[in-house]
Amino acid sequence: MLHYLNIEEVLFTDIETVPQAPEYNDLNEKWKQLWEHKMQFQINTDEPAEVLYDRAGIYAEFGRIICISVGYVFQKQGELFFRVKSFYDEDEKELIQNFFNALEAFSRKGKRRLCAHNGQEFDFPYIARRALVNNLVLPKILDIAGAKPWEIKDQLIDTLQLWKFGDYKHYTSLSLLCELFNIPTPKDDIDGSQVAGIYWEENDIDRIVRYCEKDTLAVANLLLKYKGDKIIPIENMEVV
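Residues numbered from 1 in each chain as written. Predicted model: local features only at pLDDT ≥ 70, side-chain atom pairs only at ≥ 80, totals over all residues. Heavy atoms only, no water.

Participant: I'd like a rundown of the overall build of the chain, residues and numbers included.
Facilitator: The helix and strand inventory of the chain stands at eight helices and six strands. Taking 2.2 N^0.38 as the reference for a compact globule, 240 residues should give roughly 18 Å; the C-alpha atoms of the chain span a radius of gyration of 18 Å, in line with that estimate. Overall, the C-alpha framework of the chain stretches about 60 × 40 × 35 Å when taken along its three principal axes. Counting every position in the chain, which comprises 240 residues, the buried fraction comes to 45%. Looking at the chain alone, contacts between residues at least 24 apart form 72% of all its contacts between residues at least 6 apart. In the structure as shown, the chain presents an accessible area of about 13,400 Å², 49% of it carried by carbon and sulfur atoms. (Helix = DSSP H or I, 4+ residues; strand = E, 2+ residues; numbered from the N terminus. Rg over C-alpha atoms; globule rule 2.2 N^0.38 Å. Buried < 20%, exposed > 50% of the residue type's maximum accessible area, 1.4 Å probe, protein only. Contact = heavy atoms within 4.5 Å. Areas by Shrake-Rupley, 256 points an atom, 1.4 Å probe, with all protein chains shown as cover.)

What follows is the structure, encoded as structure tokens:
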């Protein structure tokens, strides 16, 4: 598959999410009960649900999307470049709809595949779930409820799944794989666990957007490494 994959047909994406509310105590009683019920099934933890609320952003039922970045590889004078665009808005529905509009436009240009790291278990279903919550119609590429893995493998590419080689219990982070494959990453990157704090406490969405954009380039470079190709340097990333 990788040998024949045209990298210029792929859209690389990454999302950033946060809990619906800044703090557990900001939830109403019903949502507190629902969160406590959710957390009672967490393994190997004796911490109260209130302490675990910083995890809420990873669950589509308790979190929301604050940024989606999407980028693609292109050639200029025989050299590879990466162009990335981000969608962010206080109105999550508007954010997702703008992203869907972009997917449609990219599809008309022949870019009909999405790629993300851990996309099959996080990015793709999270976007789809939040779209339904916001009463949005799913684009064909994400309308995959009930689909078998082999039915979507040609349209949704996951660099984590490719690395697993069928080992379903094996999770490897993007940062670890970048280090393993000697893919340079900017030293000013924030950690994913800091996103909620930066959003709710510092109100610095621009910093989060830059972080999200750099992750899309990292995913593209990881796929290039899988193919045995040269990676794209950070100075060849164009933000539009």
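Participant: Can you tell me about unusual backbone geometry, naming the residues and giving the values?
Facilitator: Positive phi outside glycine occurs at Gln 77, with the angle close to 55°. Looking at where Gln 77 falls in the secondary structure, it is placed in the loop between strand E2 (63–76) and strand E3 (79–87). Although it is not a glycine, Asn 182 adopts a positive phi angle of roughly 55°. Along the polypeptide, Asn 182 turns up in the loop between helix H6 (174–180) and helix H7 (195–200). Under the relative-accessibility criterion, Asn 182 is labelled exposed at 62%.

Participant: Describe the pairing of E3, with residues and values.
Facilitator: Note that E2 and E3 share nine bridges and pair antiparallel. Across the sheet, Val 73 pairs through a bridge with Phe 82, a residue of E3. Linking E2 to E3, which pair antiparallel, is a turn of two residues; within it Gln 77 sits at a positive phi near 55°. Bridge count for E3 against strand E6 (residues 237–239) is three bridges, and the pairing is parallel. Bridged to Phe 82 within E6 is Met 237. (Pairing = 2+ DSSP bridges.)

Participant: Which residues make up the sheet that holds E2, and what are the values?
Facilitator: Here six strands make up an open sheet; going across it, the order is E5-E4-E1-E2-E3-E6 and the pairing mixed. Since the sheet does not close on itself, it has two edges, and those belong to strand E5 (156–158) and E6, each with one partner. Put simply, the sheet's adjacent strands are angled 30° from each other on average, direction ignored. Sheet contacts for helix H8 (residues 205–226): strand E1 (10–19), E2, E3, strand E4 (113–116) and E6; angle to E1, the most-contacted strand, approximately 140°. (Axes fitted to C-alpha atoms, helices over the stretch in contact; angles between N-to-C directions.)

Participant: If you had to explain the nonpolar core to someone new, which residues and values would you point to?
Facilitator: Residues Phe 99, Phe 100, Leu 114, Ile 127 and Leu 142 are the most contacted members of the largest nonpolar core, which totals 30 residues. Secondary structure elements with two or more residues in this core: E1, E2, E3, helix H2 (92–108), E4 and helix H3 (119–133). Per-element accounting of this core gives the leading share, seven residues, to H2. Other than its neighbours up to four places away in sequence, Leu 142 contacts Phe 100, Leu 114, Phe 124, Ile 127, Ala 128 and Leu 156. In terms of nonpolar packing, the next biggest core, distinct from the first, is built from 23 residues, Phe 12, Phe 82, Ile 183 and Leu 222 among them. (Core = buried A, V, L, I, M, F, W, Y, C linked by side-chain atoms within 4.5 Å.)

Participant: Before we move on, can you summarise the pattern of salt bridges with the specific residues and values?
Facilitator: A side chain with one charge may pair with a side chain of the opposite charge, provided their charged atoms come close. The full count for this structure, using the stated rule, is eight salt bridges. Across the pair Lys 76 and Glu 238 runs a salt bridge whose closest N-O atoms are separated by 3.2 Å. Highlighted residues: Lys 76 in strand E2 and Glu 238 in strand E6, separated in sequence by 162 residues. The exposure class of Lys 76 is partly exposed, given its relative accessible area of 37%. (Salt bridge = Lys/Arg side-chain N within 4 Å of Asp/Glu carboxyl O.)

Participant: I'd love a proper account of the domain arrangement of the chain, names of residues and values included.
Facilitator: Domain boundaries in the chain define domain 1 (2–15 + 69–239) and domain 2 (21–61). Here the C-alpha centre of domain 2 lies 27 Å away from the C-alpha centre of domain 1. Taken together, the contact between domain 1 and domain 2 spans five residues of the former and six residues of the latter. At the junction of domain 1 and domain 2, the tally comes to zero salt bridges. The biggest single contributor to the side of domain 1 that touches domain 2 is H3, with four residues. A per-class count over the side of domain 1 that touches domain 2 returns three nonpolar, no polar and two charged. (Domains from an automatic or database assignment. Nonpolar A, V, L, I, M, F, W, Y, C, P; charged D, E, K, R; others polar.)

Participant: Give a detailed account of a negative patch on the surface, specifying residues and quantitative values.
Facilitator: A cluster of acidic residues, Glu 23, Asp 26, Glu 36, Glu 50 and Glu 201, forms a negative patch at the surface. Within the secondary structure, Glu 36 sits in helix H1 (residues 29–39). (Patch = residues over 30% accessible without salt bridge, like charges linked within 9 Å, V, L, I, M, F, W, Y side chains within 5 Å. Lys, Arg positive; Asp, Glu negative; His and termini not counted. Charge placed at Lys NZ, Arg CZ, Asp CG, Glu CD.)

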